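So the chains spell out like this:
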Amino acid sequence: QLLHPAILDHFGLAGGLRWLAETYSQRTGIEVDFHTDFEGRLPSDARAHLFRIAQEALTNVSRHAQATRVEITLERQGNQIELQIADNGKGLQPETLAGAKSLGLVGMRARAQLAGGSIELHSKPGKGLRIQVRAPLGGRDDGTQDADIAG
């Protein structure tokens, strides 16, 4: 796969996530509902980071969660964008949630930070997992930008 998904350049984050949800559902048989109220554009690096977080979250669902349904939401919250990926799977044990040191979760946390945002994990055993990512609409606000990793 490309390091920078071209679909994001053509259709934005909302369109890319809609495509990701549809193709993931077709490939895995896991129902995915996608909802958004966001119609704007994010900086290229923020789009790529949020897309990759969603992609990793869905990979984890199919590998570990034993879920039958996933809900992805992308919403504007003031001057931030919020991405949530929630499944109805087996959830995480509290000690796993507290540590969150798996390679996938570490990568998602790093990507959220690179987008200038944060990530929170909410889970209870048997109640699924909800990943909540928030990032500023304008990208990182520390005066730096990631290099655009075009493929």
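Residues numbered from 1 in each chain as written. Predicted model: local features only at pLDDT ≥ 70, side-chain atom pairs only at ≥ 80, totals over all residues. Heavy atoms only, no water.

### A few points about the overall build of the chain
As a reminder, the rule being used: Under the scheme used here, helices are H or I runs from DSSP no shorter than 4 residues and strands are E runs no shorter than 2 residues, and both carry numbers assigned from the N terminus. Only protein chains enter the calculation, and the probe is 1.4 Å; a residue is then buried if its accessible area is under 20% of its type maximum, exposed if over 50%, and partly exposed in between. Only heavy atoms enter the contact rule, under which two residues are in contact if any of them lie within 4.5 Å. For accessible areas, the Shrake-Rupley method is used with a probe of radius 1.4 Å. Any residue's cover is judged against the shown protein chains and nothing else.
Secondary structure assignment for the chain yields four helices and five strands. The secondary structure elements of the chain, listed N-terminal to C-terminal, are α-β-α-β-β-α-α-β-β. Looking at the chain as a whole, 45% of its 151 residues are labelled buried. In the chain, once contacts between residues fewer than 6 apart in sequence are set aside, the share between residues at least 24 apart is 67%. On the chain, roughly 8000 Å² of surface is accessible, and the fraction owed to carbon and sulfur atoms is 49%.

### Digging into the environment of Leu20
Tracing the chain through its elements places Leu20 in helix α1 (residues 6–28). Here the alpha-carbon distance between Leu20 and Ala54, two residues 34 residues apart in the chain, equals 8.5 Å. Residues contacting Leu20, with those up to four places away along its chain left out, are Phe51, Ala54, Gln55 and Leu58.

### Some words on the environment of Gly16
You can see Gly16 is positioned in helix α1. Distance in space between the C-alpha atoms of Gly16 and Ala6 is 9.0 Å, their sequence separation being 10 residues. Those residues within four positions of Gly16 in sequence are excluded, and the remaining contacts are Ile7, Leu8 and Phe51.

### Points about the pairing of strand β3 (residues 80–87)
Stated formally: Strand pairing requires that DSSP identify at least two bridges connecting the strands.
For β3, the tally of buried residues reaches six of eight residues, placing the bulk of the element in the interior. When strand β2 (residues 69–77) meets β3, the two strands line up antiparallel, connected through eight bridges. Bridge pairing in β3 links Arg76 to Ile81. Between β2 and the antiparallel strand that follows it, β3, lie two residues; Gly78 among them carries a positive phi value of about 65°. Alignment of β3 against strand β5 (residues 129–136), held across seven bridges, turns out to be antiparallel. Directly across from Ile85, in β5, lies its bridge partner Ile131.

### Focus on the sheet that holds β5
For clarity, the cut-off: Note on geometry: axes are C-alpha line fits, over the in-contact stretch for helices, and angles between N-to-C directions span 0 to 180 degrees.
Pairing is mixed in the open sheet, where five strands are placed in the order β1-β2-β3-β5-β4. Edge positions in the sheet fall to β1 (31–36) and β4 (118–123), since each of these pairs with one other strand and no more. Pairs of neighbouring strands in the sheet enclose a mean axial angle of 10°, with direction left out of account. Looking at chain direction, β1 and β2 are connected through six bridges and run parallel. If you follow Asp33 over to β2, its bridge partner there is Glu71. Where α1 meets the sheet, it contacts β1, β2 and β3, and its direction lies at approximately 170° from that of β1. With respect to the sheet, helix α2 (residues 44–65) is in contact with β2, β3, β4 and β5, its orientation differing from that of β3 by roughly 10°.

### Some thoughts on the pattern of salt bridges
Threshold: The salt bridge definition used is simple: a Lys or Arg side-chain nitrogen within 4 Å of an Asp or Glu carboxyl oxygen.
If you walk through the whole model with that rule in mind, you get six salt bridges. Among the ionic pairs, Glu82 bridges to Arg134, the shortest N-O distance being 3.0 Å. Here Glu82, found in strand β3, pairs with Arg134, found in strand β5; they are 52 residues apart in sequence, far enough to count as distant. For Glu82, a relative accessible area of 7% corresponds to the buried category. Notably, a salt bridge pairs Arg134 with Glu120, separated by 3.6 Å at the nearest N-O pair. Linking Arg134 in strand β5 with Glu120 in strand β4, this pair joins segments that are 14 residues apart in sequence. Exposure remark for Arg134: the relative accessible area of 26% places this residue in the partly exposed category. Classification of Glu120 as partly exposed rests on a relative accessible area of 33%.

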